[in-house]
Amino acid sequence: MRRYLIQTFGCQMNVHDSLRIEEVLSAQGYAATDAPELADLILFNTCSIREKADHKLRSAVGTFRELKERKRDLVMVVAGCMAQQRGEALLDEIDLVDVVIGPDNIAELPELVGHVRAGGPPVARTVFDLDAPSFLQAHAPTDRHEACAYVTVMKGCDERCTFCIVPYTRGAERYRTSSEIIAEIDRLCDAGVKEVTLLGQTVNSWHEPHESAEGGSRFAWLVERIAREVPKLARLRYTSPHPRHMTDALIAAHAELAVLPAHVHLPVQSGSDRVLRRMLRRYRRQDFLERAAKLRAARPSFTLSTDIIVGFPGETEEDFQQTLSLVREAGFVSVFAFKYSPRPHTPALRLGDDVPEELKSERLERLFEVADAQQAAHLQSLVGSELEVLLEGRSKTDPARMTGRSQRHEIVHVAVPPGLDMRGKLVKVRASSAYKRSLVAEAVEPWPRLPPVDAFPPVEAVQPARKQALRLPLVSS
Ligand code: SF4
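Let me sum up the structure you'll find in this document. These figures come from a predicted structure and were not determined experimentally. (Residues numbered from 1 in each chain as written. Predicted model: local features only at pLDDT ≥ 70, side-chain atom pairs only at ≥ 80, totals over all residues. Heavy atoms only, no water.)

1. What about the sheet that holds strand 1 (residues 3–8)?
Moving on, step 1. Strands sit in the order 2-1-3-4-5-6 across an open sheet of 6 strands; the sheet is parallel. Looking at strand neighbours, the two that pair on one side only are strand 2 (31–32) and strand 6 (123–125), the edges of this open sheet.
Moving on, step 2. Where strand 5 (residues 99–101) meets strand 6, 3 bridges bridge the pair, whose relative direction is parallel. By the bridge assignment for strand 6, V99 is matched with V123.
Moving on, step 3. Together, strand 1, strand 3 (41–46) and strand 4 (75–80) form the strand contacts of helix 1 (residues 12–27), whose direction differs from that of strand 1 by roughly 175°.
Moving on, step 4. Strands strand 1, strand 3 and strand 4 of the sheet are contacted by helix 2 (residues 53–62), whose axis makes an angle of about 170° with strand 3. (Pairing = 2+ DSSP bridges. Helix = DSSP H or I, 4+ residues; strand = E, 2+ residues; numbered from the N terminus. Contact = heavy atoms within 4.5 Å. Axes fitted to C-alpha atoms, helices over the stretch in contact; angles between N-to-C directions.)

Dropping the structure here:
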């Protein structure tokens, strides 16, 4: 049997693509391995959203130089955003690479690998499927006992945020039909999935492919239809929404549909109108705060998290102060923040990179100080309260505990008797203490008398792509 090893970098979109790659390879009789020595195919699913992606890829590929020289039939593949961005050039730049494949070409992977195995030269395929968009379906993970799954609803991005390379690496927006999305969610639920995350670069700009974009987002209608037609689905998340498409109808859906969480990750990027204009975000600070206030009013204890870039070209101390005040005003319980780094092909390149590195680091630290204090206060406020947690796997550091997520996406560690496999189960717990970024909790009701599972794999044994999903930030919009 042939074996593959996948290394995934970047956002949840990439994690999702890695899962689809695994499925394409499994259908060809491949099995996953974590041991490079056993692999016949090593694939790097790359990200180019931040600086140093190039360096990261070269160093990851270089790790296997000795193995590749020894094992001549080992096929090395580069997929993802870097593959799309650099295309054929990567084959010249990194001599160990046999196949370069773009996100829209995953289904062609077996064909390209076959071509190389048959003695053909290294090959690149990075063509956007703009005319006839195809979405690789998720096949129900029956052997993985997974509680959570991703379902793509759209791909590409028509926004033109000046710092972002995504429109270049993922192309224009293309949408999947509601019937296809619902059929996939239905199949996943039949296989035991409890929580689905709808994925897209600007997920809430979704509309049916045959509808005109002029009619605006129909995402609220889509989530209502999913709630109605797949009642066995326990939780429905989505990432990443763009603030511009956070419509009143979608906010109302959060108030009305129990399947939607009392939480949204809504990337703001900056709190300064001047910087938002230069980023071409197409909303103002006040617009964002109004939407945040409406969301928080939609359900009791509604929480928000966000993405922020510090040190964008031209960002002054006054601009940064505006970001800090917005973080306080919006009351984010979690903030993913990054220092601005110029990316190839992005309009912001023309603005220079005039905020010194030390100042970016200093601002990032000050931002984390505010965000961490808010997160700590939020988690502390939950101690003593009851939560519903979807358990995902045994804790990596403490085998006496399982880790899961609350409905509002807080990470919760729950003491579970050894040998009891509760993966994929929703349990009621009471939070007993708070760490910096997570909660510790005990079950409210006695554990069921399930037959113990002796060979129950720890989180480490979960498929590689899924394992990463437990600790990755959300895809930025
Ligand atoms: S940040 Fe998000 S919305 Fe803006 S261009 Fe990138 S993917 Fe599109």
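What follows continues from the structure just given.
2. So, the sheet that holds strand 14 (residues 334–339)
Moving on, step 1. As summarised here, the arrangement of the 3 strands in space is 12-13-14, forming an open sheet in which the pairing is parallel. For this open sheet the edge positions go to strand 12 (263–265) and strand 14, each flanked by a neighbour on one side alone. Averaged over all pairs of adjacent strands, the angle between strand axes in this sheet comes to 10°, irrespective of strand direction.
Moving on, step 2. Alignment of strand 13 (residues 303–310) against strand 14, held across 6 bridges, turns out to be parallel. Bridging from a neighbouring strand, I309 pairs with F338 of strand 14.

3. So, the pattern of salt bridges
Moving on, step 1. Under the definition given, this model contains 42 salt bridges.
Moving on, step 2. R174 serves as the salt-bridge partner of D129, at 2.6 Å between the closest nitrogen and oxygen. Of the two residues, D129 sits in the loop between strand 6 and strand 7 (148–152) while R174 sits in strand 9 (residues 174–175), which places them 45 residues apart along the sequence. Each member of the pair, D129 as well as R174, is classed as buried.
Moving on, step 3. For K232, the salt bridge identified is with D190, shortest N-O distance 2.8 Å. Highlighted residues: K232 in the loop between helix 9 (219–229) and strand 11 (235–239) and D190 in helix 8 (residues 178–190), separated in sequence by 42 residues.
Moving on, step 4. Overlapping salt bridges, with partners in common, bring together E315, E317, E362, R363 and R366 in one network. (Salt bridge = Lys/Arg side-chain N within 4 Å of Asp/Glu carboxyl O. Buried < 20%, exposed > 50% of the residue type's maximum accessible area, 1.4 Å probe, protein only.)

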